[in-house]
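Close look at the chain arrangement
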Amino acid sequence: MTEMTVGAVDKQALALRFGHAAQHYDRYARFQQDVGQHLLSLIPDGKHEVVLDLGCGTGFFLQSLQPLSEQLLALDLASGMLHQARQRHEQALFLCGDAEQLPLAAASLDVVFSSLAIQWCHSYTDLLAELYRVIRPGGYLVFATLCQGSLDELRRAWACLDSFDHVNYFVPEPQLRTWSEQQGFRCVHWESRKHGLQYQNLRDLLMGLKGIGASQVSGVRQGGLGGRERLRRLECAYEQQRDLSGFLPLSYEVCYGVLVR
Ligand SMILES: C[S@@+](CC[C@H](N)C(=O)[O-])C[C@H]1O[C@@H](n2cnc3c(N)ncnc32)[C@H](O)[C@@H]1O
């Protein structure tokens, strides 16, 4: 398979969007917190020298990462997110930067921890090459990312209205593993979990996505939500998927990996 990741995400716009979401992000981020907590449990035991939280967002996991590391770095594309993170945990060293072009020396990290951030990168193969460069031999990449199957209910609802891409593309999980191993990482843990969220109505569901800054779609943005009538039609389409317990479902397929460099 040729690489087909999120392609043309405009990183400047992405950083602004996440930056704007930063102040209220934690209120909407229950799912992200659950994923990150599980990911923390996968970090190999012991104290590690230099640990990076890649795409640290509001820094929710920094306090838990601190005792595992001699030196803790926290990097994010969005300065607004870093501002929140700094207020929460000032002991870390904060860096504003791009995961695909890290402002870090080769072999300078012992552990890269990254929860639900790398799905926003342009190219997984470029990202994995960059991470392979900065992680020291024997160091770890511990990540959680979204894979194919995520947000499918929303994708299906939109497909009833038009043929534009309203929901990001997510890679198939086996493909991600192949790319990781092709890059030279050795896999010590690999797991895929479906997380099902439930909402009372479409408004809450869309607010939930907007609240964490995740409403941006990759590629050329075509036919956004666009007015009341479209929203009403989307609502009708989504209603077809209301589940037996009376909620609108939204699924996330999360891939958790622990790789050794
Ligand atoms: C869904 S939030 C997750 C934040 C945090 N890890 C958590 O789980 O709460 C995604 C974060 O990744 C950051 N991000 C997206 N693309 C990035 C990139 N190319 N480099 C660094 N950070 C990035 C965003 O700015 C945002 O803070």
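In case you missed it, the structure is sitting above this.
All values reported here derive from a predicted model rather than from experimental measurement.

Per the secondary structure count, the chain includes nine helices and seven strands. Its C-alpha radius of gyration of 18 Å places the chain within 12% of the 18 Å reference for a compact globule of 261 residues. Along the longest, intermediate and shortest principal axes, the C-alpha atoms of the chain span 55 × 40 × 35 Å. For the chain, the residues scored as buried account for 54% of the 261 residues in total.

One pass over the structure, following the stated rule, counts 14 salt bridges. Two residues, R30 and D34, come together in a salt bridge whose shortest N-O distance is 3.4 Å. Here R30 pairs with D34, and both are found in helix α2 (residues 30–41), just four residues apart, close to one helical turn. R193 is the partner of E191 in a salt bridge, and the nearest nitrogen-oxygen pair spans 2.6 Å. Relative accessible area serves as the criterion here: at 16%, E191 is assigned to the buried category. Owing to a relative accessible area of 36%, R193 belongs among the partly exposed residues under this scheme. Counted as one network, the salt bridges with shared partners bring together K11, D98 and E100.

The next point concerns the environment of K47. Looking at where K47 falls in the secondary structure, it is placed in the loop between α2 and β1 (48–54). Linking K47 and E70, residues 23 residues apart in sequence, is a C-alpha distance of 7.2 Å. Those residues in contact with K47 that lie beyond four places of it in its chain are P67, L68, S69 and E70.

Time to look at the environment of R27. Within the secondary structure, R27 is located in helix α1 (residues 11–28). According to the relative accessible area criterion, R27 is exposed, its value standing at 66%. Sequence separation between R27 and G208 is 181 residues; the distance between their C-alpha atoms is 9.2 Å.

This brings us to helix α7 (residues 173–183). Listed in full, the buried residues belonging to α7 are Q175, L176, W179 and S180. Take α7 and look down its axis: the buried residues cluster within an arc of 140°, on one side only. Every exposed residue of α7 that faces more than 90 degrees away from the buried side is listed here: P174 and Q182. For α7, the secondary structure elements touched by its buried residues are α5 (124–134), β5 (135–147), β6 (186–199) and β7 (248–260). Once α7 ends, the next one or two residues include G184, with phi positive near 115°.

It is worth spelling out the packing of α1 against helix α4 (residues 79–88) at this point. Close contact between α1 and α4 brings their axes to 6 Å; oriented N to C, the two are set at 35°. Residues F18, G19, A22, Q23, Y25 and D26 of α1 touch α4, and the partners they reach there are G80, M81, Q84 and R88. Residues belonging to the contact of α1 with α4 are distributed by class as follows: four nonpolar, four polar and two charged.

Here the focus is the packing of aromatic side chains. As enumerated under the stated definition, the model contains seven aromatic pairs in all. Look at F18 and W120: their rings are 5.4 Å apart centre to centre, the planes differ by 85°, and that puts the pair in the edge-to-face class. Here F18, found in helix α1, pairs with W120, found in the loop between β4 (109–115) and α5; they are 102 residues apart in sequence, far enough to count as distant. Note on W120: relative accessible area 11%, which makes it buried. Geometrically, the ring pair formed by F60 and F61 is edge-to-face, given 5.2 Å between the ring centres and 80° between the ring planes. Under the relative-accessibility criterion, F60 is labelled partly exposed at 27%. The rings of F60, F61 and F113 are connected pair by pair, giving a single aromatic cluster. Over the ring of Y132 we find R261, and its NZ or CZ is 4.0 Å from the ring centre.

Cut-offs and rules
- Residues numbered from 1 in each chain as written.
- Predicted model: local features only at pLDDT ≥ 70, side-chain atom pairs only at ≥ 80, totals over all residues.
- Heavy atoms only, no water.
- Helix = DSSP H or I, 4+ residues; strand = E, 2+ residues; numbered from the N terminus.
- Rg over C-alpha atoms; globule rule 2.2 N^0.38 Å.
- Buried < 20%, exposed > 50% of the residue type's maximum accessible area, 1.4 Å probe, protein only.
- Salt bridge = Lys/Arg side-chain N within 4 Å of Asp/Glu carboxyl O.
- Contact = heavy atoms within 4.5 Å.
- Arc of directions from axis to C-beta.
- Axes fitted to C-alpha atoms, helices over the stretch in contact; angles between N-to-C directions.
- Nonpolar A, V, L, I, M, F, W, Y, C, P; charged D, E, K, R; others polar.
- Phe/Tyr/Trp six-rings, centres within 6.5 Å; stacked < 30°, edge-to-face > 60°.
- Lys NZ or Arg CZ within 6 Å of the ring centre and 35° of its normal.

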